Amino acid sequence: MNAGTNHMKNPVPPGYSVISGRSNQTLNAYLGTCVGVALCDHKADVGGLIHIILPEPTGNNSQENPENYAATGLPIFIDSIMRKGAARERLEATVAGGALVGPLSELDMELDIGGKTIDIVEKILDAQKIHIKSMETGGLFSCKLGLNLFNWESRIDPIGMPSADDERELERPSRDQLAKTIENIRAVPQVLLKAIRMIQDEKSDISAVAREMRQDQVICSRVLRICNSAYFGRKIAVDSIDRALILMGERQVLRLMLSSAFEDFFSKNARGYSLCKGGLFYHAAGTAMICERLAGLTGIIAPDRAYTAGLLHDIGKVVLDQYTGNAFPFFYRRTQIEGDELTAVERDVFGVSHDEVGEMLARQWGLPDSITDVIRHHHYPENASVSVELVHLVYLADLIMSRVMVGQELERIDTSSLASRLERIGFRKDQFAGLIDNIPSNLFDVQYH
Ligand SMILES: [Fe+2]
Ligand SMILES: [Fe+2]
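Residues numbered from 1 in each chain as written. Chains lettered and ligands numbered in written order. Predicted model: local features only at pLDDT ≥ 70, side-chain atom pairs only at ≥ 80, totals over all residues. Heavy atoms only, no water.

Participant: Quick one: what's the story with the overall build of the protein chain, residue by residue and with numbers?
Facilitator: If you tally the helices and strands in the protein chain, you get 17 helices and 8 strands. Once local pairs closer than 6 in sequence are excluded, the contacts in the protein chain between residues at least 24 apart make up 71%. (Helix = DSSP H or I, 4+ residues; strand = E, 2+ residues; numbered from the N terminus. Contact = heavy atoms within 4.5 Å.)

Shown next, in the form of structure tokens:
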């Protein structure tokens, strides 16, 4: 169980809950399709927040974490809060989240995961006679639910809402300026490009790629640092790449090599696409992990290829990010509040979108055609021509990431032909909730604030 009562997690990640006595802190949850429930008993000075992903277990979840679901998680959460001294009749609830995944015209029961989660939450609160003090659910955009642990007040706010002094002139780069920005962008090490090419080539094996990567001292020392970090919770020191390979296996080490090499690249951004520090990298790494998991489910794409494609799909944002700082409020309003699709807003503001700029960067780096196809077409996968399945897979991972792991970066993805897009890689529409249920649990363990 993920209950974070001993170790306070704030913001509360999807599939977790936090219960606390009075303190100076405010608990927060960033919600897209997920639903947040804050409960408190003023008199007993105890309260908490749960971040629910899905209405109920889908049957094919590998996590077995009851707190992922309203049907199983909420009763546990209520029980735990009462065990800490709260009285049922004094409990007050605030419910938020459950945004719609797609535009209203496309809405159907299969896709309205947030709506179903809210139904179950309301039923449970009603059956337990818990008073709902305020509730803001559905809608088209993401929000933040906060519970002040000092005065027990809860509030629901739009995410990352810019302040008035953020409003500045928009800067529309010329073609020349863009070409210069692409040219000046820090090149990634050659060894990395070679590794990416090898991974995309189905004939080369993982050991050969790992051998190639370990020649790069900077990458290796970074991987060792991550291996020895609290995140992995290892008791034995990992002092060499060989030891890491033995302890973690080639696949895991390779993933770490790739993601740590790209962390720098993604992290040097202004307040543009990122709603929090490191948001762009977190989005890339999270999408990569979901891609890998989905690849395992479809069986038609090698997981390492999928991981790499997920990691790189949004590299174009790093280029445009240099210009978004000024455009942020406008951007925010269009994508998050008006619900416009991201690439359309970009073309409007910059004259070019991140998928187009990404393709230019990919060509400059000499990335394999399969990855370039992903970078260019991940928002409209039916336009892909080189690696059609891979592009669809990344589209799906990107969609799941942006609706469930809210609060890292600005995105708004078109879902108008989700059913046929799912079908293209062998999934049915009614499996969508089950796919969300397959998100690797360690995604939520990475601190992102
Ligand atoms: Fe994108
Ligand atoms: Fe993305």
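Moving on, there is more to tell.
Participant: I'd love a proper account of the pairing of strand E3 (residues 35-41), names of residues and values included.
Facilitator: Among the 7 residues in E3, 7 count as buried, and that is most of the element. Alignment of E3 against strand E4 (residues 46-52), held across 7 bridges, turns out to be antiparallel. Of the residues in E4, the one forming a bridge with Gly36 is His51. The hairpin formed by E3 and E4 contains 4 residues between the paired strands, and Asp45 there has a positive phi angle of roughly 55 degrees. (Buried < 20%, exposed > 50% of the residue type's maximum accessible area, 1.4 Å probe, protein only. Pairing = 2+ DSSP bridges.)

Participant: I'd like to hear about the pattern of salt bridges, residue by residue, with values.
Facilitator: With the rule as written, the count across this model stands at 16 salt bridges. For Glu292, the salt bridge is made with Arg255, and the minimal N-O distance between the two is 2.3 Å. In this pair, Glu292 is assigned in helix H9 (residues 279-298) and Arg255 in helix H8 (residues 250-267), connecting sequence segments 37 residues apart. Considered together, Glu292 and Arg255 belong to a single accessibility category, that of buried residues. Across the pair Asp355 and Arg376 runs a salt bridge whose closest N-O atoms are separated by 3.4 Å. Of this pair, Asp355 sits in helix H13 (residues 354-365) while Arg376 sits in helix H14 (residues 369-377), and the two are 21 residues apart along the sequence. Take Asp355: its relative accessible area is 4%, and that puts it in the buried class. (Salt bridge = Lys/Arg side-chain N within 4 Å of Asp/Glu carboxyl O.)

Participant: Outline the side chain of Thr117, listing residues and values.
Facilitator: Following the sequence through the fold, Thr117 ends up in helix H2 (residues 113-127). Judged by its relative accessible area of 0%, Thr117 is buried. Within polar-contact distance, the side chain of Thr117 engages the backbone oxygen of Ile113 at 2.9 Å. Leave out the neighbours within four places in its chain, and Thr117 touches Val35, Ile52, Ile53, Leu54, Pro55 and Ala70. (Polar contact = N/O pair within 3.5 Å; in protein donor to acceptor, adjacent residues only side chain to side chain.)

Participant: Give a description of the nonpolar core that names residues and reports values.
Facilitator: Judged by nonpolar contacts, the single largest core of 125 residues is most densely connected at Phe262, Trp365, Leu367 and Phe432. In terms of nonpolar packing, the next biggest core, distinct from the first, is built from 22 residues, Leu39, Leu74, Phe77 and Ile124 among them. (Core = buried A, V, L, I, M, F, W, Y, C linked by side-chain atoms within 4.5 Å.)

Participant: Any details on the coordination of the iron ion (ligand 1)? Residues and values, ideally.
Facilitator: Coordination of the iron ion (ligand 1) by the protein is provided by Asp314 (OD), His354 (NE2), His378 (NE2) and His379 (NE2), with metal-donor distances spanning 2.1 to 2.3 Å. Each of the 4 donor atoms bound to the iron ion (ligand 1) contributes to angles spanning 84 to 173 degrees, and the resulting shape is irregular. Sequence spacing of the donors to the iron ion (ligand 1): D-x39-H-x23-H-H. (Donors = N, O, S within 2.8 Å, 3.2 Å for Na, K, Ca; no water. Tetrahedral: all angles 85-135°; square planar, octahedral: opposite > 155°, others 65-115°.)

Participant: Account for the sheet that holds strand E2 (residues 26-31), with residues named and values stated.
Facilitator: Pairing within the open sheet is antiparallel, and its 3 strands lie in the order E2-E7-E8. Across the chains shown, the open sheet's two edge strands, defined by having one partner strand only, are E2 and strand E8 (154-158). Along the sheet, successive strands turn relative to each other by an average axial angle of 20 degrees, direction set aside. Pairing of strand E7 (residues 143-148) with E8, which is carried by 5 bridges, proceeds in the antiparallel orientation. Looking across to E8, one finds that Leu145 is bridged to Ile156. (Axes fitted to C-alpha atoms, helices over the stretch in contact; angles between N-to-C directions.)

Participant: So what about helix H5 (residues 206-213)? Which residues, and what values?
Facilitator: Along an α-helix, residues three or four apart share an orientation, since each turn contains 3.6 residues. Most of H5 is tucked away: 6 of the 8 residues are buried. Those residues of H5 that sit buried are Ile206, Ala208, Val209, Ala210, Glu212 and Met213. Next to the buried residues of H5 lie helix H4 (190-200), helix H6 (217-227), H8 and helix H10 (303-312).

Participant: Now, about H6: what can you tell me, with residues and values included?
Facilitator: Taken together, the buried positions of H6 are occupied by Ile219, Cys220, Arg222, Val223, Leu224 and Cys227. The N-cap residue of H6 is Asp216: its side-chain oxygen and the backbone nitrogen of Ile219 are 3.0 Å apart.

Participant: Let's hear about the packing of aromatic side chains: which residues, and what values?
Facilitator: Considering all chains together, one arrives at 5 aromatic pairs under this definition. Aromatic side chains Phe262 and Phe265 sit 6.1 Å apart centroid to centroid with 85 degrees between the ring planes, which places their arrangement in the edge-to-face category. With a gap of 3 residues between them, Phe262 and Phe265 both fall in helix H8, about one helical turn apart. Overall, Phe262 belongs to the buried group, its relative accessible area being 0%. Phe265 gets classed as buried once you look at its relative accessible area, which sits at 6%. Ring geometry for Phe262 and Trp365: centres 6.5 Å apart, planes at 45 degrees, overall tilted. Residue Phe262 is located in helix H8, and its partner Trp365 is located in helix H13; the two are separated by 103 residues in the primary sequence. (Phe/Tyr/Trp six-rings, centres within 6.5 Å; stacked < 30°, edge-to-face > 60°.)

Participant: Pulling in residues and values, what's your account of the packing of helix H12 (residues 342-350) against H13?
Facilitator: With their axes 8 Å apart at the nearest point, H12 and H13 run at an angle of 80 degrees to one another. Overall, the two elements H12 and H13 adopt an arrangement that is roughly perpendicular. Facing H12, whose interface residues are Leu342, Thr343, Glu346 and Arg347, H13 presents His354, Asp355 and Glu356. Tallied by class, residues from the contact of H12 with H13 come to 1 nonpolar, 2 polar and 4 charged. (Parallel < 35°, antiparallel > 145°, perpendicular 65-115°, else oblique. Nonpolar A, V, L, I, M, F, W, Y, C, P; charged D, E, K, R; others polar.)

Participant: Can you break down the sheet that holds strand E1 (residues 16-21) residue by residue, with the values?
Facilitator: With respect to topology, 5 strands assemble into an open sheet ordered E1-E4-E3-E5-E6, the strand pairing being mixed. Of all strands in the sheet, those with a lone pairing partner are E1 and strand E6 (131-137), marking the two edges. Recorded for the sheet is a direction-independent mean angle of 10 degrees between the axes of neighbouring strands. The sheet contact formed by E1 and E4 spans 6 bridges and is antiparallel.

Participant: Provide a residue-level description of the environment of Leu280, including the pertinent values.
Facilitator: Its place among the elements puts Leu280 in helix H9. Exposure remark for Leu280: the relative accessible area of 1% places this residue in the buried category. For the pair Leu280 and Lys317, spaced 37 residues apart in sequence, the C-alpha to C-alpha distance is 8.3 Å.

Participant: How would you summarise unusual backbone geometry if you had to cite specific residues and measurements?
Facilitator: Here the phi dihedral of Asp45 falls at roughly 55 degrees; this positive angle occurs in a residue that is not glycine. Judged by its relative accessible area of 26%, Asp45 is partly exposed.

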